[in-house]
Amino acid sequence: MRARRIVTIVGVAMALIGALWIGQGLGYIRWPASSFMLSQRVWADYGAALAVAGLLLVLLARRYRR
């Protein structure tokens, strides 16, 4: 039960950070203003991969035996 909760929290955090990276990489989120990630497409790609991995972790945690 505890491992399931931890995996879920890590997965959600990964998905949220991935979404932030996507927004920064595509130039939609310009925070922080001095970030090297702003308008850099490669960071949007990394963010997409991280978000998908996070969502997969959440799905795996939901299927984890109770």
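Above this text sits the structure in question.
Rules and cut-offs
Residues numbered from 1 in each chain as written. Predicted model: local features only at pLDDT ≥ 70, side-chain atom pairs only at ≥ 80, totals over all residues. Heavy atoms only, no water. Patch = residues over 30% accessible without salt bridge, like charges linked within 9 Å, V, L, I, M, F, W, Y side chains within 5 Å. Areas by Shrake-Rupley, 256 points an atom, 1.4 Å probe, with all protein chains shown as cover. Salt bridge = Lys/Arg side-chain N within 4 Å of Asp/Glu carboxyl O. Helix = DSSP H or I, 4+ residues; strand = E, 2+ residues; numbered from the N terminus. Phe/Tyr/Trp six-rings, centres within 6.5 Å; stacked < 30°, edge-to-face > 60°. Buried < 20%, exposed > 50% of the residue type's maximum accessible area, 1.4 Å probe, protein only.

Chemist: I keep staring at a nonpolar patch on the surface and nothing clicks. Help me out?
Modeler: On the surface, a cluster of nonpolar side chains totalling about 490 Å² of accessible area is made up of Leu26, Tyr28, Ile29 and Trp31. Within the fold, Leu26 resides in the loop between α1 (2-25) and α2 (41-63).

Chemist: Would you mind showing me how to read the packing of aromatic side chains here?
Modeler: Two descriptors summarise a pair of aromatic rings, namely the distance from one centre to the other and the angle between the planes of the rings. Enumeration according to the criterion identifies three aromatic pairs in this entry. Taking 5.5 Å as the distance between ring centres and 85 degrees as the angle between the ring planes, the aromatic pair formed by Trp21 and Trp43 counts as edge-to-face. Of this pair, Trp21 sits in helix α1 while Trp43 is found in helix α2, placing the two residues 22 residues apart along the sequence. An angle of 85 degrees between the planes, with centres 5.1 Å apart, marks the rings of Trp43 and Tyr46 as edge-to-face. Taken as a pair, Trp43 and Tyr46 lie in helix α2 at a separation of three residues, close to a single helical turn. Residue Tyr46 is classed as partly exposed on the basis of its relative accessible area of 44%.

Chemist: What should I look at first to understand unusual backbone geometry in this one?
Modeler: For residues besides glycine, phi is generally negative; the peptide bonds are generally trans as well. Following Trp31, the chain continues into Pro32 via a peptide bond in cis, with omega recorded as -15 degrees. You can see Pro32 is positioned in the loop between α1 and α2. In this structure, Ser39 takes a positive phi of about 55 degrees despite not being glycine. Here Ser39 is to be found in the loop between α1 and α2.

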